[in-house]
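Commentary on secondary and tertiary structure
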Amino acid sequence: MYSALTLAIGLLFVGFILLSFSTPDLPPDQKPARSKDTVYTFQSNILPLLQSNCNPCHFPRGKVYAKLPFDDYKTVVSLGKKLNTRFKQKKQHAIINRWIESGAKEN
Ligand code: HEC
C-alpha cells in the first residue's frame, strides 16, 4: 500500500523535474517569438520617440519643419536608417531598427 503511494509521488516528482527542464525560462528580450513578432508602428513607437528627441526643429514652427517634417509619415519613412545617425543611444537605434524590420508601418 505504502510502496504504491511512494511510487506515485516519486513519478510525479520526476515528471515535474523533466517538465521544468524542457521549458527553460529565457529573459523576455531573448524570447525569439516575442522579439520577432513585435511590430512597431510610426504612430505608436516612432512619432513619440521623435517628438521627445527631435523637437523643436522637425516639428511645427521648427527651423527644418518645412523641409523635414517629422509628423509626416512619408518623410520619416524615406529617411529610414538615416534617422539613426542623429540618435546616440543603442535603445533608440533598436526602436528605429525594429520599426524598419517589421515593415515600417504607419499604424
Ligand atoms: C536643433 C535643431 C534640430 C534638432 C533638435 C534635430 N534636427 Fe535633424 N536636422 C536639423 C537641420 C537644420 C537639418 C538639415 C541640415 C543637416 O543635415 O544637419 C537636419 C537634418 C536631419 C537629417 C538629414 C536628412 C538627410 O536627408 O540627410 C536627419 C536624418 C535628421 N535631421 C534627423 C534628426 C533626428 C532623428 C532628430 C532627433 C533625434 C533630429 N534630427 C533633431 C535640425 C535639427
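See the structure above.
Residues numbered from 1 in each chain as written. Predicted model: local features only at pLDDT ≥ 70, side-chain atom pairs only at ≥ 80, totals over all residues.

**Comments concerning the site of the ligand**
- Around the ligand sit 13 residues, and of these Asn53, Cys54, Cys57, Val64 and Arg86 come closest.
- Residues of the shell around the ligand, tallied by class, amount to seven nonpolar, three polar and three charged. (Near = placed C-beta within 6 Å. Nonpolar A, V, L, I, M, F, W, Y, C, P; charged D, E, K, R; others polar.)

**Details of the nonpolar core**
- Residues Tyr40, Phe42, Ile46, Leu50, Phe70, Val76, Leu83, Ile96 and Trp99 constitute the largest nonpolar core, which totals nine residues.
- Broken down by secondary-structure element, the contributors of at least two residues to this core are α3 (42-53) and α5 (90-101).
- Among the elements that make up this core, the one with the highest residue count is α3 (three residues). (Core = buried A, V, L, I, M, F, W, Y, C linked by C-beta atoms within 7 Å. Buried ≥ 20, exposed ≤ 12 C-beta atoms within 10 Å, placed from the backbone. Helix = DSSP H or I, 4+ residues; strand = E, 2+ residues; numbered from the N terminus.)

**Description of the packing of α3 against α5**
- Viewed as axis vectors pointing N to C, α3 and α5 meet at an angle of 145 degrees, and their least axial separation amounts to 10 Å. The way α3 lies across α5 gives a crossing that is left-handed. Between α3 and α5, the contacting residues are Asn45, Ile46 and Leu49 on the first element and Gln92, Ile95 and Trp99 on the second.
- Of the residues belonging to the contact of α3 with α5, the class tally is four nonpolar, two polar and no charged. (Axes fitted to C-alpha atoms, helices over the stretch in contact; angles between N-to-C directions. Left-handed = near helix turned anticlockwise from the far one by under 90°. Contact = placed C-beta atoms within 7 Å.)

**Observations regarding the environment of His93**
- Along the chain, His93 falls in helix α5.
- You can call His93 partly exposed: it has 15 C-beta atoms within 10 Å.
- In sequence terms His93 and Leu83 are 10 residues apart; their C-alpha atoms lie 8.5 Å from each other.
- Filtering out sequence-adjacent residues up to four positions away, His93 remains in contact with Asn84 and Phe87.

**Considerations on α3**
- Turning to α3, its buried residues are Phe42, Ile46 and Leu50. Seen along its axis, α3 keeps its buried residues to an arc of 45 degrees; they face one direction. With respect to the buried face of α3, the exposed residues turned more than 90 degrees away are Ser44, Pro48 and Ser52.
- Contacts from the buried residues of α3 go to α4 (73-79) and α5. (Arc of directions from axis to C-beta.)

**As for α5**
- Over its 12 residues, α5 runs 16 Å from end to end, which matches the ideal 16 Å to within 8%, given 1.5 Å per residue.
- Directly beyond the C-terminal end of α5, a positive phi value near 105 degrees is found at Gly103. (Expected span 1.5 Å × (residues − 1).)

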